[in-house]
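# Structural description and commentary
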Amino acid sequence: MKNIALICILALSLNGFAQSNKTKTTSNLETITLGGGCYWCVEAVYENLDGVKSVVSGFSGGKVANPTYEEVCTGTTGHAEVVQITFDKNVTDINEIFKVFFTVHDPTTLNRQGADVGTQYRSVIFYKNAEQKNAAESIIAELNKAKVYNSPIVTKVEPFKAFYKAEDYHQNYYANNKNQPYCKMVIQPKIEKFEKVFKDKLKKK
C-alpha cells in the first residue's frame, strides 16, 4: 500500500456525494456491513471512530444459516468475517466509513489479509441501498484510477442478504484481550495507523 494521504484526499472528494443524497428520516442511524479480513481488527478500529454507535462482529455472504465460527473457518460455508457498523449520519457518513475501510486493510489481496488466508477473509462491501452501492463503486474507481495501490482493488460490492452475529467471545475482542500476541502484533498496528490518519475523527475518551 502506498500514499495513505492520497486515499484520504480521494475519499474526501466523495464526501459531497453522501451529503447530497441524504433523505430525511425519523432516524439518523444507518447500518453498513463490511469485510476486511479478521473481524477482530476491523471492529477494533471502528469502535474508535466518532459517530459510530455500535460495531458487531459476525458473518455474511454465505449459504448456511446461523453458522458457527468453526464452520466459517473451514471456508466451506461461503461466509466472510464481517462487522456490522451502525453510525449516526449527523456525525459521520458512508464515505468516511469507506475512507477508514480502505486505509486500514489491503483491498488488493484476494481472500487474505496478511497471514489470515481463506475466502472468509475476503475484502467485501455488502450494501443495503443504492447510495451505499454507488458510494462504494465510486471510491473504488477513484482509487484504481489514481493507482493508489500497486495492484488493482479486488474488493467485492454485493447486495446485503443476511448477517449472523458471531459468538459472544468474539465481540469487543481487542478490548478484552489486549495482551494476546495477535492483538499486539496485528490489531494494534492497524489501530495506530487509524489514529494517525484520522486523528480529528476519533471518539472523545
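Attention here is on the structure that accompanies the text. Sequence order sets the numbering: in each chain, residues are counted from 1 along the sequence as written. pLDDT decides what is reported in this predicted model: residues at 70 or higher carry local features, side-chain atom pairs at 80 or more are listed and counted, and totals for whole chains, interfaces and linings draw on all residues regardless. Heavy atoms throughout the structure, all of them, feed into the side-chain values; hydrogens and water do not.

With that settled, consider the environment of Phe59. Of note, Phe59 is situated in strand S2 (residues 52-60). When the C-alpha atoms of Phe59 and Tyr69 are compared, they prove to be 8.5 Å apart, with 10 residues separating the residues in sequence. Helix and strand assignments come from DSSP, with helices taken as H or I runs of at least 4 residues and strands as E runs of at least 2, each series counted from the N terminus.

The buried fraction of helix H5 (residues 94-104) is high, at 11 of 11 residues. In this scheme, a residue with accessible area under 20% of its type's maximum is buried, one over 50% is exposed, and one in between is partly exposed, where area comes from a 1.4 Å probe on protein chains only. Listed in full, the buried residues belonging to H5 are Ile94, Asn95, Glu96, Ile97, Phe98, Lys99, Val100, Phe101, Phe102, Thr103 and Val104. Its side-chain oxygen 3.1 Å from the backbone nitrogen of Asn95, Asp93 forms the N-cap of H5. Throughout this description, a polar contact denotes any pair of N or O atoms lying within 3.5 Å of each other; where both atoms belong to protein, one of them has to be capable of donating a hydrogen while the other can accept it, and for residues adjacent in sequence the pair is counted only when both atoms sit in side chains.

Side-chain atoms within 4.5 Å link the members of a nonpolar core, which is a set of buried Ala, Val, Leu, Ile, Met, Phe, Trp, Tyr and Cys residues. Ranked by size, the top nonpolar core spans 44 residues in total, and within it Ile32, Leu34, Tyr46, Ile85, Ile97, Phe98 and Phe102 carry the most contacts. Here a residue-residue contact requires only that any non-hydrogen atoms of the pair lie within 4.5 Å. Among all residues touching Ile85, those that are not within four sequence positions of it are Glu30, Thr31, Ile32, Leu34, Tyr46, Val52, Ser54, Val55 and Ile97. Ala80, Val82, Val124 and Phe126 belong to the second largest nonpolar core, which has 5 residues in total.

As a further point, take the pairing of strand S1 (residues 29-36). The buried count for S1 comes to 6 of 8 residues, which makes it a mostly enclosed element. Bridge analysis of S1 against strand S3 (residues 80-88) gives 6 bridges, and the strand direction is antiparallel. Looking at S3, one finds that Thr33 is bridged to Gln84. Paired strands, as defined in this entry, are two strands with at least two bridges between them according to DSSP. As defined by bridge partners, S1 adjoins strand S6 (residues 123-127) across 4 bridges and the pair is classed as antiparallel. Following the sheet pairing, Gly36 is matched in S6 by Ser123.

Not every positive phi belongs to a glycine, and Asn111 is a case in point at roughly 55°. Checked against the element boundaries, Asn111 lands in the loop between H5 and strand S4 (112-113). One non-glycine residue, Lys147, lies in the positive phi region at around 55°. Considering the arrangement of structural elements, one finds Lys147 in the loop between helix H6 (130-145) and strand S7 (156-159). On the accessibility criterion, Lys147 (58% relative accessible area) is exposed.

This part takes up the sheet that holds S7. If you trace the 6 strands from one edge of the open sheet to the other, you get S7-S6-S1-S3-S2-S8, paired in mixed fashion. Bordering the open sheet on either side are S7 and strand S8 (163-165), each of which pairs with just one other strand. Adjacent strand axes in the sheet meet at a mean angle of 35°, parallel and antiparallel pairs treated alike. Where S6 meets S7, 4 bridges bridge the pair, whose relative direction is parallel. The residue bridging Tyr127 from the neighbouring strand is Pro159, located in S7. What counts as an axis is a line fitted to C-alpha atoms, over the stretch in contact for a helix, and the angles between N-to-C directions run from 0 to 180 degrees. Of the strands in this sheet, S1, S2 and S3 are in contact with helix H3 (residues 39-46), which crosses S2 at around 170°.

Moving on: the state of the cysteines. By convention in this document, the label disulfide applies to cysteine sulfur atom pairs within 2.5 Å. Within the structure shown, the criterion is met by 0 disulfides. Cys38 forms no disulfide, and the closest cysteine sulfur to it belongs to Cys41, at a distance of 4.5 Å. Cysteine Cys73 shares no disulfide, and the gap to the nearest cysteine sulfur, in Cys38, comes to 9.2 Å.

Along the chain, Ser60 turns up in strand S2. Of note is the side chain of Ser60, whose polar atom sits 2.6 Å from the backbone oxygen of Ala162. Other than its neighbours up to four places away in sequence, Ser60 contacts Thr33, Gly78, His79, Ala80, Val82, Arg122, Phe126, Phe160 and Ala162.

Take the environment of Phe194 next. Relative to the elements of secondary structure, Phe194 occurs in helix H8 (residues 181-197). Note on Phe194: relative accessible area 0%, which makes it buried. Sequence spacing of Phe194 and Phe101 is 93 residues, and the spatial spacing of their C-alpha atoms is 9.7 Å. Residues within four places of Phe194 in sequence aside, it is in contact with Val45, Asn48, Leu49, Val100, Val104, Lys199 and Leu202.

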